[in-house]
Amino acid sequence: MPPFSPLQRLVITVAILASFVTFLDGTVVNVALPAISRELGGGITTQQWVVDAYLITLSALILLAGSLSDAYGRVPIMRIGLIAFGLASIAVAAAPEPLTLIIARAAQGAAGALLVPSSLALITATMRGQLQSRAIGVWTSFTTGAQLVGPLMGGLFVDLLSWRFVFLINVLPIAVNLLLLRRLHLPEHERTAHVDWFSGILCAVGLGGLVFALIEQERLGWASPAIWAPGAIGILLLVVFLLRQRGSDSALMPLSLFRVRNFGWGNISTLFIYAALSLNGFVIGVYLQQGPGLSATAAGLASLPVTILMILLSSRAGAWAGRLGPRLFMTVGPLVMAVGAALLLTVGSEFSYWWQVLPSMIVLGLGLALTVAPLTSAILGAIDETRSGIASAVNNAVSRVAGLLVVALLSTIVGGALDLRGFHSAAWVTAGLFALGGVVSWIGIRRNPVEAPAAV
């Protein structure tokens, strides 16, 4: 296979840095949640909202951002997203109380929505076939590494400085990427400036209402009009959103994409796998501090083996999937992760990281490295490059909605308290979600047609 050209290497670097800050901020917060709760108050509800405020806007607006990327150009949209994300990060770090923090986190998510579709679209539009699979493998190893190294970086900042510095980590990679973007000159695809803003509002408000009900029902109860009314309105708006996508010429989520086999089945698999990853990351980051009493740094270090295995193996798994097809990897990988999640059931009142947590992290890392790059390549490689922005946005929206909903349901999953019993309940649910992702992949995924690499 030929090496990447200088321009392709620049494209990959820009794509990695743009996505890095978005994925990093989605997980770096997990180990900071106990410190945030101690300083600002609010308990588990505040912790859920700090995570989900980010995910609501990221999930809902990422669809709109995919259309914006295809309509107005990937590089301009990425530049706007980087600047907005940096400003929102500063606002989060300066927040004096929970409401301001939650609003600033929502602004971060909105800015992050502009980054992921445009970054992956750069790769899928400039590389095809095995070269694209290898590039996505490289992108995956770094961006997933960002998600996994986030807890460690967050823990160090919480223990040595303050949780507020956790949100300033993004400033340097944002500045570097803005400089690199000035050197990136690509022939742009034909643009069609048809963006369905109304559908974007329907999706955002619908998700917001549903998630509000799921989080606050633990406190107010389902019988309260303050719970069932927003929940019902949210579901209604989401139904209207889907109906609008079916008949719109400029749909944010073209339902026709799901008729492409690998795209449709791959996104169902994504839903289960990323729900499991989000649940696992939240629970590990918080429980290890509130249960066994580990420091924030130690809780972050707990997932370091997963990071190392991802960096070492992910690009290689992407290349293997390019040659052998993604089905085997997308089946075996999630099933291996299910075993890794089940190993967390060995955690007991007499805590030992080396015998109870480390084996799980190693198995999870191996499964994740086998899964993520083949999954991304199978889904995006099934869609024509002219629709790469919206295809990337839909897939990323599915993964973020999965995390959004599972964190919103956290109190229900753990039985109201993240104690040892709740931790074990979360491990069972996580293992089940991973297993479902593997089964769905085996049923639905096939090899994409071989395409010639795009000339760059």
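Residues numbered from 1 in each chain as written. Predicted model: local features only at pLDDT ≥ 70, side-chain atom pairs only at ≥ 80, totals over all residues. Heavy atoms only, no water.

Colleague: What is the right way to read the overall build of the protein chain from this model?
Modeller: A tally of helices and strands in the protein chain yields 18 helices and 0 strands. In the protein chain, buried positions account for 60% of the 456 residues. In the protein chain, the share of contacts with a sequence separation of at least 24, taken over all contacts with a separation of at least 6, comes to 85%. Accessible area for the protein chain stands at about 17100 Å²; split by element, carbon and sulfur atoms hold 70% of it. (Helix = DSSP H or I, 4+ residues; strand = E, 2+ residues; numbered from the N terminus. Buried < 20%, exposed > 50% of the residue type's maximum accessible area, 1.4 Å probe, protein only. Contact = heavy atoms within 4.5 Å. Areas by Shrake-Rupley, 256 points an atom, 1.4 Å probe, with all protein chains shown as cover.)

Colleague: Could you clarify how one ought to interpret helix H15 (residues 353-380) in this entry?
Modeller: Note on helix geometry: an α-helix contains 3.6 residues per turn, so any two residues three or four positions apart are oriented the same way. Between its first and last C-alpha atoms H15 spans 38 Å; for 28 residues at 1.5 Å apiece the expected length is 40 Å, and the two agree. At leucine 368, H15 shows its maximal bend, which comes to roughly 25°. (Expected span 1.5 Å × (residues − 1). Bend = angle between axes of the 7 residues up to and from the residue.)

Colleague: I keep staring at the pattern of salt bridges and nothing clicks. Help me out?
Modeller: Opposite charge on two side chains lets them pair, provided their charged atoms get close. The tally for this structure, following the rule as stated, stands at 1 salt bridge. The residue arginine 164 makes a salt bridge to glutamate 39 at a minimum N-O spacing of 2.8 Å. Placement of the pair is arginine 164 in the loop between helix H7 (129-160) and helix H8 (171-181) and glutamate 39 in helix H2 (residues 33-40), with a sequence separation of 125 residues. Classification of glutamate 39 as partly exposed rests on a relative accessible area of 44%. (Salt bridge = Lys/Arg side-chain N within 4 Å of Asp/Glu carboxyl O.)

Colleague: What is the right way to look at the confidence of the model for the protein chain in this model?
Modeller: Close inspection of predicted coordinates is inappropriate for parts of the model with low pLDDT. Looking at the protein chain as a whole, its pLDDT mean stands at 81, while 89% of the residues score no less than 70. Within the model, pLDDT remains below 50 along residues 450-456, and this stretch shows 13 contacts once partners closer than five positions in the same chain are excluded. (pLDDT = per-residue confidence, 0-100.)

Colleague: When you look at a nonpolar patch on the surface in this model, what are you seeing that I'm missing?
Modeller: A cluster of nonpolar side chains, namely Ile83, Leu87, Ile90, Leu156, Leu160, Leu161, Phe165, Leu168 and Val171, defines an oily patch on the protein surface of about 840 Å² accessible area. Broken down by element, the nonpolar patch gets its largest block of residues, 3 residues, from helix H4 (residues 74-93). Judged by relative accessible area, isoleucine 90 falls into the partly exposed class, the value being 46%. (Patch = residues over 30% accessible without salt bridge, like charges linked within 9 Å, V, L, I, M, F, W, Y side chains within 5 Å.)

Colleague: Just to check I follow, could you spell out the packing of aromatic side chains for this structure?
Modeller: Summed over the entire model, instances satisfying the criterion amount to 5 aromatic pairs. Geometrically, the ring pair formed by tryptophan 49 and phenylalanine 212 is tilted, given 6.2 Å between the ring centres and 40° between the ring planes. Note that tryptophan 49 is positioned in helix H3 (residues 43-72) and phenylalanine 212 in helix H9 (residues 197-220), a separation of 163 residues in sequence. The class for phenylalanine 212 is partly exposed, based on a relative accessible area of 29%. The positively charged end of arginine 327 is found above the aromatic ring belonging to tryptophan 442, 3.6 Å away from the centroid. (Phe/Tyr/Trp six-rings, centres within 6.5 Å; stacked < 30°, edge-to-face > 60°. Lys NZ or Arg CZ within 6 Å of the ring centre and 35° of its normal.)

Colleague: Sorry if this is basic, but what is going on with helix H5 (residues 98-113) here?
Modeller: Given a rise of 1.5 Å per residue, 16 residues ought to cover 22 Å, and the 23 Å separating the end C-alpha atoms of H5 matches this to within 8%. By the burial criterion, the buried members of H5 are Leu101, Ile102, Ala104, Arg105, Gln108, Gly109, Ala111, Gly112 and Ala113. One side-chain oxygen at the N-terminal end of H5 lies 2.9 Å from the backbone nitrogen of leucine 99; it belongs to glutamate 97. (Polar contact = N/O pair within 3.5 Å; in protein donor to acceptor, adjacent residues only side chain to side chain.)

Colleague: Before we go on, may I ask you to explain the nonpolar core in this structure?
Modeller: One recurring pattern in soluble globular proteins is that nonpolar side chains are buried together. If you look at the biggest cluster of nonpolar residues, it comprises 141 residues, and the most contacted ones within it are Ile36, Leu63 and Trp163. In terms of residue count, the dominant contributor to this core is H3 (15 residues). Those residues in contact with isoleucine 36, other than ones at most four positions away along the chain, are Val29, Gly41, Val50, Leu101, Trp163 and Phe167. (Core = buried A, V, L, I, M, F, W, Y, C linked by side-chain atoms within 4.5 Å.)

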